[in-house]
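Observations on the three-dimensional arrangement
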Amino acid sequence: MLIVMRQNASEEEISAVVSAIEELGFDARPIPGSNRTAIGTIGNTGPVDDTAIRGLSGIKEIIHVTKPYKLASRDFHPQDSLVRVDKTTFGGNEFPIIAGPCSVESEEQIESCAEFLSSRGIKLLRGGAFKPRTSPYAFQGLGLEGLKLLKNAGRNHGMKVVTEAMDMITLDDVVEYTDIIQIGARNMQNYPLLKMVGQASKPVLLKRGLSATLDELLLSAEYILNEGNQNVILCERGVRTFDTHSRNTLDITAIPVLKEKSHLPVIIDPSHSSGDRKRVIPLSKAAIAVGAHGIMVEVHPTPAKAKSDGAQTLDFTQFDLLIKELKMLANVLKVTL
Ligand code: PEP
Ligand code: MN
């Protein structure tokens, strides 16, 4: 339930509504807006009987929200949420590009990426240190050493960094070294981990699970928001379908639907969506055209030698081509690259 207060509602009237909601046994979340305050009801699993609230003064409208998620829903927060990371803003008119290797492999590799990407104006460097690999025999990441190399490369080249948190044991280290905490597709429904990143002080990049519906993605975001962390960026990274033409299928429709349902910024990962570097530029162009709030793309100095996801990773020349193509579209769409 969402209670929209009148424009001139007093503090006392707002407090009275908050108390009435609490007396019903729910949490009340006042959401101040530019014109008026709305008050959200949290904690109910079904419809709320609003008899005790309806008669209070200062109320303009009571909206019964039927969606299972609330804090993530546009009903609760009509304006787009902006997630700021240093000089970058997700959710506005910018189209931020997060770029870097799938995994941090060595100092030389991550420094080379950071040097190249920063020279192209990229402000956010990605690189996995704890890697969720399908095979236990595949490269598992450099762990803490990888976090340090990533942070240093970012610092040396004026970039902020993004890396994945895989579990609760290593979360504190990830939070210490990263600027954005990535929750990977495989962990989208790891609810204890979501609760913990909800208490963390850094923004969260939440990737859609391999077979998760959009409502399930938004409920996972709800776990993080409900713990107090309002800085959540959603990421469509492709889902499993019946077809084998690509590693995953980019659900391009997810972008307008998520923007309709939620106020949270949503970006696209064209690398994991396709699994093939030939498709990364076309999918990135689709991302900017469909209204995504940015992309996250895998880049490596020598993709053929990458320890993970080489086939979907761009080299530096291909990355330059990507930027060139995106610039043309950004001009037409009046989006800042
Ligand atoms: C990654 O970003 O390298 C990654 C493992 O992504 P996902 O969780 O989407 O598979
Ligand atoms: Mn990867």
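Residues numbered from 1 in each chain as written. Chains lettered and ligands numbered in written order. Predicted model: local features only at pLDDT ≥ 70, side-chain atom pairs only at ≥ 80, totals over all residues. Heavy atoms only, no water.

Now for the coordination of the manganese ion (ligand 2). Coordination of the manganese ion (ligand 2) by the protein involves Cys-102 (SG), His-272 (NE2), Glu-298 (OE) and Asp-309 (OD), with metal-donor separations of 2.0 to 2.4 Å. In terms of primary sequence, the donors binding the manganese ion (ligand 2) are separated according to C-x169-H-x25-E-x10-D. Taken together, the positions of Cys-102 in the loop between strand S7 (97-100) and helix H3 (107-119) and His-272 in helix H9 (residues 270-274) put the pair 170 residues apart, joining distant regions of the chain. As far as the burial class goes, Cys-102 and His-272 line up, both buried. (Donors = N, O, S within 2.8 Å, 3.2 Å for Na, K, Ca; no water. Helix = DSSP H or I, 4+ residues; strand = E, 2+ residues; numbered from the N terminus. Buried < 20%, exposed > 50% of the residue type's maximum accessible area, 1.4 Å probe, protein only.)

In space, the four strands of this open sheet follow the order S2-S3-S1-S4, with antiparallel pairing throughout. Each end of this open sheet is capped by a strand with a single partner; those strands are strand S2 (27-32) and strand S4 (59-63). In this sheet, neighbouring strand axes are inclined to one another by 20 degrees on average, regardless of whether the strands run parallel or antiparallel. The sheet contact formed by strand S1 (residues 2-5) and S4 spans four bridges and is antiparallel. Counted as the bridge partner of Val-4 is Glu-61 from S4. (Pairing = 2+ DSSP bridges. Axes fitted to C-alpha atoms, helices over the stretch in contact; angles between N-to-C directions.)

Attention now goes to helix H4 (residues 144-156). The end-to-end C-alpha distance of H4 is 18 Å, a good match for the 18 Å that 13 residues give at a rise of 1.5 Å each. Taken together, the buried positions of H4 are Gly-146, Leu-147, Leu-149, Leu-150, Lys-151, Ala-153 and Gly-154. On its buried side, H4 packs onto H3, strand S8 (124-126), strand S9 (160-164) and helix H5 (171-177). (Expected span 1.5 Å × (residues − 1). Contact = heavy atoms within 4.5 Å.)

Let us look at the site of ligand 1. Around ligand 1, the structure places 13 residues, and the nearest of them are Arg-126, Ala-185, Arg-186, Lys-207 and Arg-237. The separation between an oxygen atom of ligand 1 and a polar side-chain atom of Arg-186 is 2.9 Å. Arg-237 places a side-chain nitrogen or oxygen 2.6 Å from an oxygen atom of ligand 1. When the free accessible area of ligand 1 is taken as 290 Å², the share hidden by the protein chains comes to 97%. Of the residues belonging to the shell around ligand 1, the class tally is three nonpolar, three polar and seven charged. (Near = heavy atom within 4 Å. Polar contact = N/O pair within 3.5 Å; in protein donor to acceptor, adjacent residues only side chain to side chain. Areas by Shrake-Rupley, 256 points an atom, 1.4 Å probe, with all protein chains shown as cover. Nonpolar A, V, L, I, M, F, W, Y, C, P; charged D, E, K, R; others polar.)

Attention now moves to the packing of aromatic side chains. Aromatic ring pairs are reported here in terms of the distance separating the ring centres and the angle at which the planes meet. One pass over the structure, following the stated rule, counts three aromatic pairs. Between Phe-116 and Phe-316, the ring centres sit 4.0 Å apart and the planes meet at 5 degrees, which makes this aromatic pair stacked. Highlighted residues: Phe-116 in helix H3 and Phe-316 in helix H11 (residues 316-333), separated in sequence by 200 residues. No difference in accessibility class separates Phe-116 from Phe-316, as the two residues are buried. (Phe/Tyr/Trp six-rings, centres within 6.5 Å; stacked < 30°, edge-to-face > 60°.)

Another point: the environment of Gly-92. With respect to the helices and strands, Gly-92 occurs in the loop between strand S6 (88-90) and S7. Under the relative-accessibility criterion, Gly-92 is labelled partly exposed at 32%. Distance from Gly-92 to Phe-242, taken between C-alpha atoms, is 35 Å for residues 150 residues apart in sequence. The contact partners of Gly-92, leaving out residues within four places of it in the chain, are Leu-82 and His-293.

So, about the pattern of salt bridges. For side chains bearing opposite charge, pairing can occur when the charged atoms are close. Inspection of the entire model under this criterion finds 14 salt bridges. Across the pair Lys-278 and Asp-276 runs a salt bridge whose closest N-O atoms are separated by 3.1 Å. Taking relative accessible area as the criterion, Asp-276 reaches 18% and is therefore assigned buried. In this structure, the salt-bridge partner of Glu-325 is Lys-285, at a minimum N-O distance of 2.6 Å. Pair noted here: Glu-325 is in helix H11 and Lys-285 is in helix H10 (residues 280-290), with a separation of 40 residues, a long-range link. Residue class for Lys-285 comes out partly exposed when judged on its relative accessible area of 30%. (Salt bridge = Lys/Arg side-chain N within 4 Å of Asp/Glu carboxyl O.)

A few words now on the confidence of the model for the protein chain. Scored by pLDDT, the protein chain has a mean of 96; 100% of the residues are at 70 or more. The secondary structure element of the protein chain with the lowest average pLDDT is S2, at 88, and the one with the highest is strand S12 (residues 232-236), at 99. (pLDDT = per-residue confidence, 0-100.)

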